[in-house]
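Geometric and topological summary
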Amino acid sequence: MNHRERVLAALAHREPDRVPIDFGGTGDSTIHTAGYQGLRRELGLPPSTTRVVDVYQYAAVIEEDVRQALGIDTIPVFDEPREWRDGALADGSTAQFPATFLPQLQGDGSQAILDASGNIVAMMPRDGYYFDPVHSPLAHASSTSDIDACMDQIENYDTPAHLDKTYEETAKKAKELRQTTDYLLVGFFGGHILQAGQSLRGWETFLMDLVANKRFAHALMDRLTEAHLRRFERYAATVGRYVDVIHFEEDPGMQDRPLMRPSTYREMVKPYHKRLFAFAKAHCDAYLLLHTDGAVAPFMPDFIEMGVDAVNPVQVSAAGMDTRILKREYGRDITFWGAGCDSQATLPHGSPEEVADEVKRRVDDLAPGGGFVLAPIHNVQPGVPPENTVTMLRTAQDYGVYRR
């Protein structure tokens, strides 16, 4: 099988020739910039200039020679900038950033991102690894008119200004990739509703809104959903014509439990997810991949009911995310995309032998019958030994062969 055929077979719950592998096909299955050049050295590849398209997560764009060296089956179709600027990472290595992404150095050594009005919207602490959102424009809102006054932020929540290529421009790249490669193409859409509400309103405040200020919460989620539907119509007519999978994101899970009671999710949030996912399915033939971290097992029946085809990253260290049980209960109806190796314990702190043993266990649990795409459990973080990352992906390639 070629790369695309392999992943499509798994998504159709058929056994391909081997377990498909994603590394860098999404912004949540790649590697932090701090570890990328070390990975290249481990693979015997020459130094390169690291490109940073996701400036919040500081995630590296995986290059073709890395994909070939590790047998990767996916390639991303990200939103991108029209122009790049040269810069450097914290270790002094060369990097490229979106040209209009211009963080400002603060007196304490931190970096700040400002919006057009001069508000600090994100911060990276001195010696930090990520930019964290720090501005909630609806923090003091009390009415629907206040929400309507922030429609620009609502409309553009998943489309930051520094990624300024149009969907028409991105579609040209997707078409070229489809015609010149056999990789499975993963397009990014986002479509945040719960997380967008939390970010725009304030993380704790919006959770309280869901139980104590329901009218306001519904008004905000309704406007977010309408904005996503308008944008997806344009996306489906352009990028969506060429990609195989469309990547949505949402975060109703924490480490040790869901972020909210499933009954609250079903009453308040699910109707908007259901509407968005149904619209996407009606307007595009691509598979729907939902990135949702944490303890989300209680929501699996909801994801399946709403037409989610694959769930990522299958955070095996979170409560209730036992891969054997997940496969038994839900493996006929949804594909597990991730689950490569515990990213909180084994991958950063284990030996290569321990990494290989865990990868084999995940393959044994999730691969039978198809419905499994192995990927890192979220992005490989700074400090992970590069030999462990290589071991994870090469073990999947070697051990993941289906026996016939």
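This text follows the structure it describes.
Quick look at the structure, then. Just so it is clear, the model here is predicted, and its values are computed rather than measured. (Residues numbered from 1 in each chain as written. Predicted model: local features only at pLDDT ≥ 70, side-chain atom pairs only at ≥ 80, totals over all residues. Heavy atoms only, no water.)

Glancing now at the packing of helix α2 (residues 33–42) against helix α15 (residues 386–399). Interaxial distance between α2 and α15 falls to 9 Å at its minimum, and their mutual angle equals 65 degrees. Our classification of the angle between α2 and α15 gives roughly perpendicular. Handedness of the α2/α15 crossing: right-handed. Between α2 and α15, the contacting residues are G38, L39 and E42 on the first element and P386, E387, T389 and V390 on the second. When the residues that make up the contact of α2 with α15 are grouped by side-chain class, the tally is three nonpolar, two polar and two charged. (Axes fitted to C-alpha atoms, helices over the stretch in contact; angles between N-to-C directions. Helix = DSSP H or I, 4+ residues; strand = E, 2+ residues; numbered from the N terminus. Parallel < 35°, antiparallel > 145°, perpendicular 65-115°, else oblique. Left-handed = near helix turned anticlockwise from the far one by under 90°. Contact = heavy atoms within 4.5 Å. Nonpolar A, V, L, I, M, F, W, Y, C, P; charged D, E, K, R; others polar.)

Turning next to the side chain of Q96. When you line up the elements, Q96 lands in strand β5 (residues 94–98). In contact with Q96, not counting residues within four places along its chain, are T49, T50, R51, V52, W84, R85 and D86.

Ranked by size, the top nonpolar core spans 97 residues in total, and within it F23, F232, F248, F303 and F336 carry the most contacts. When residues of this core are assigned to their parent elements, the largest contribution, eleven residues, is made by helix α9 (residues 214–237). With near-sequence residues (within four places) excluded, F336 lies in contact with M300, V311, V314, L326, K327, Y330, G331, L366, G371, F372 and V373. Ranked by size, the runner-up nonpolar core spans twelve residues in total, among them V55, Y58, L89 and V121. (Core = buried A, V, L, I, M, F, W, Y, C linked by side-chain atoms within 4.5 Å. Buried < 20%, exposed > 50% of the residue type's maximum accessible area, 1.4 Å probe, protein only.)

Aromatic ring pairs are described here by two measures, namely the spacing of the ring centres and the angle between the planes. Inspection of every chain in the model, using the stated rule, returns 15 aromatic pairs. An aromatic cluster is defined as three or more aromatic residues linked by ring pairs; in this entry it consists of Y167, F189, F232, Y235, F248, F277 and F279. Its end group placed over the ring of Y183, R67 keeps NZ or CZ at 5.4 Å from the ring centre. Above the face of the F189 ring, R231 is positioned so that its terminal group lies 3.8 Å from the ring centre. (Phe/Tyr/Trp six-rings, centres within 6.5 Å; stacked < 30°, edge-to-face > 60°. Lys NZ or Arg CZ within 6 Å of the ring centre and 35° of its normal.)

Once that is clear, we can look at unusual backbone geometry. P313 follows N312 through a cis peptide bond whose omega is 10 degrees. Locating P313 in the fold gives a position in the loop between β13 (310–312) and α12 (323–330). In this structure, H13 is a non-glycine residue whose phi angle is positive, near 60 degrees. Note on placement: H13 falls in the loop between α1 (3–11) and α2. A positive phi angle is found at D127, which is not glycine, with a value near 65 degrees. Among the structural elements, D127 can be located in the loop between β8 (120–124) and β9 (132–133).

Let's shift gears to the sheet that holds strand β15 (residues 372–375). Sheet strands pair by backbone hydrogen bonding; their relative direction is either parallel or antiparallel. Strands sit in the order β3-β10-β11-β12-β13-β14-β15 across an open sheet of seven strands; the sheet is parallel. Strand pairing shows two members of the sheet lacking a second neighbour, β3 (74–77) and β15, which therefore form its edges. Strand-to-strand twist in this sheet, taken as the mean axis angle between neighbours without regard to direction, amounts to 25 degrees. Where strand β14 (residues 335–339) meets β15, four bridges bridge the pair, whose relative direction is parallel. Its bridge partner lying in β15, F336 is registered against F372. (Pairing = 2+ DSSP bridges.)

This next bit is on the environment of Q96. With a relative accessible area of 18%, Q96 lands in the buried category. Separated by 24 residues in sequence, Q96 and I120 have C-alpha atoms that sit 23 Å apart. A distance of 2.8 Å separates a polar atom in the side chain of Q96 from a polar atom in the side chain of R51. A polar contact of 3.2 Å, which involves the side chain of Q96, links it to the side chain of D86. (Polar contact = N/O pair within 3.5 Å; in protein donor to acceptor, adjacent residues only side chain to side chain.)

Inspection of the secondary structure puts H291 in strand β12 (residues 287–291). Here H291 falls in the buried class, since its relative accessible area comes to 3%. Looking at H291, its side chain comes within polar contact range of the side chain of N312, at 2.6 Å. Residues in contact with H291, not counting those within four places in the same chain, are D28, H247, F248, E249, E250, N312, P313 and H378.

Turning next to the packing of α12 against helix α14 (residues 352–366). Their axes nearest at 8 Å, the elements α12 and α14 cross at an angle of 15 degrees. By the angle between their directions, the pair α12 and α14 is classed as roughly parallel. The element α12 and its partner α14 pack so that their crossing is right-handed. When α12 is examined against α14, the residues T323, R324 and K327 are found in contact with a partner set consisting of R362, D365 and L366.

So, about α2. Those residues of α2 not exposed but buried are T33, Y36, Q37, G38, L39 and R40. Where α2 is buried, its residues touch β1 (50–54), β2 (59–60), α3 (64–70) and α15. After α2 finishes, the residue G44 shows a positive phi value of roughly 75 degrees.

We now examine the pattern of salt bridges. Counted according to the given criterion, the structure contains 26 salt bridges. Salt-bridge contacts for R6 lead to D17; the nearest nitrogen and oxygen are separated by 2.8 Å. One end of the pair, R6, is in helix α1; the other, D17, is in the loop between α1 and α2, and eleven residues separate them in sequence. Judged by its relative accessible area of 7%, R6 falls in the buried class. When its relative accessible area of 26% is taken as the criterion, D17 is described as partly exposed. Across the pair E267 and K214 runs a salt bridge whose closest N-O atoms are separated by 2.9 Å. Of the two residues, E267 is situated in helix α10 (residues 262–283) and K214 in helix α9; the sequence distance between them amounts to 53 residues. (Salt bridge = Lys/Arg side-chain N within 4 Å of Asp/Glu carboxyl O.)

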